Amino acid sequence: MAYLPIEYKHLLPLKQIHKRTRTLYTLAGLACTTKELARTLADNYHGCVVWPFEQALMHYGAIKFGLQDEANVTERCAPYIDKGNELLDVDPIAARGNPRQLWSVAAAEYFAGRSALRHDAWL
C-alpha cells in the first residue's frame, strides 16, 4: 500500500485488509505469516518473523490509507531493530538474521522520525 497513490483508496478493501492483518499482529510488529503457516514451511527463516524494513513500508501505507491499528502494530519493531539485523523473532522478541543490513538501518531512521518519507507523501 505504500506504493499505491492515495486516489485509489476507494478501490481498496480496507475492512478486509484490517481483518486479515489482525491475524499477523505480534508484540514485535506484523509477522509475514501466521504461526500456523510458519510451522508448515520447510524454511522457518521466512516464517512467523518481522522484517523491520517491511514494517516501515507497511506503516507508511497504513498511515496513508487510515489504518491506524496497523500503523501502531508496525511501530512495535522500532525498539528491537538494534544494530540493523534484518529480521526479528517474535516469541520471544530477538534480533536475528544478517547484521547491519542497510534497509534495517533505514527502518530505524524512519521510525525515529529522521526520514523525509515519514513526513512527506513521496510515494
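Let me sum up the structure you'll find in this document.

Cut-offs and rules
- Residues numbered from 1 in each chain as written.
- Predicted model: local features only at pLDDT ≥ 70, side-chain atom pairs only at ≥ 80, totals over all residues.
- Heavy atoms only, no water.
- Buried < 20%, exposed > 50% of the residue type's maximum accessible area, 1.4 Å probe, protein only.
- Helix = DSSP H or I, 4+ residues; strand = E, 2+ residues; numbered from the N terminus.
- Arc of directions from axis to C-beta.
- Contact = heavy atoms within 4.5 Å.
- Pairing = 2+ DSSP bridges.
- Core = buried A, V, L, I, M, F, W, Y, C linked by side-chain atoms within 4.5 Å.
- Salt bridge = Lys/Arg side-chain N within 4 Å of Asp/Glu carboxyl O.

Here we look at helix 1 (residues 14-21)
At step 1: Taken together, the buried positions of helix 1 are Leu14, His18 and Thr21. The buried residues of helix 1 all sit within an arc of 70° when viewed along its axis, so they share a single face. The exposed set on the far side of helix 1, more than 90 degrees from its buried face, consists of Lys15, Lys19 and Arg20.
At step 2: Buried residues along helix 1 sit against strand 1 (25-26), strand 2 (29-30) and helix 4 (68-74).

Here we look at the sheet that holds strand 3 (residues 49-50)
At step 1: An order of 3-4-5 is seen for the three strands of this open sheet, with the pairing classed as antiparallel. Only two strands of the sheet have a single partner each, and these edge strands are strand 3 and strand 5 (93-96).
At step 2: Relative to strand 5, strand 4 (residues 87-90) runs antiparallel, the two being bridged by four bridges. The residue bridging Leu88 from the neighbouring strand is Ala95, located in strand 5.

Details of the nonpolar core
At step 1: The biggest cluster of nonpolar side chains holds 16 residues, and the ones touching the most others in it are Val50, Cys77 and Phe111.
At step 2: Not counting chain neighbours up to four residues away, the residues in contact with Val50 comprise Thr26, Ala28, Gly29, Leu30, Ala31, Gln55, Cys77, Glu86, Leu87, Leu88 and Val90.
At step 3: Counting six residues, the second-largest nonpolar core is a separate cluster that includes Leu14, Ala62, Leu67 and Ala71.

Concerning unusual backbone geometry
At step 1: In this chain, Asp91 is followed by Pro92 through a cis amide linkage whose omega measures -5°.
At step 2: Within the secondary structure layout, Pro92 lies in the loop between strand 4 and strand 5.
At step 3: Despite not being glycine, Arg100 shows a phi value in the positive range, around 50°.
At step 4: Tracing the sequence through the fold places Arg100 in the loop between strand 5 and helix 5 (102-111).

So, the pattern of salt bridges
At step 1: Summed over the entire model, instances satisfying the criterion amount to three salt bridges.
At step 2: Close ionic contact of Lys35 with Asp91 constitutes a salt bridge, the shortest N to O distance being 3.4 Å. Pair noted here: Lys35 is in helix 2 (residues 35-38) and Asp91 is in the loop between strand 4 and strand 5, with a separation of 56 residues, a long-range link.
At step 3: Looking at Lys35, the relative accessible area reads 38%, which means it is partly exposed.
At step 4: Of the charged contacts, one joins Arg114 and Glu109 as a salt bridge, the two residues approaching to 2.8 Å between their closest N and O atoms.

That's the geometry; what it means functionally is another story.
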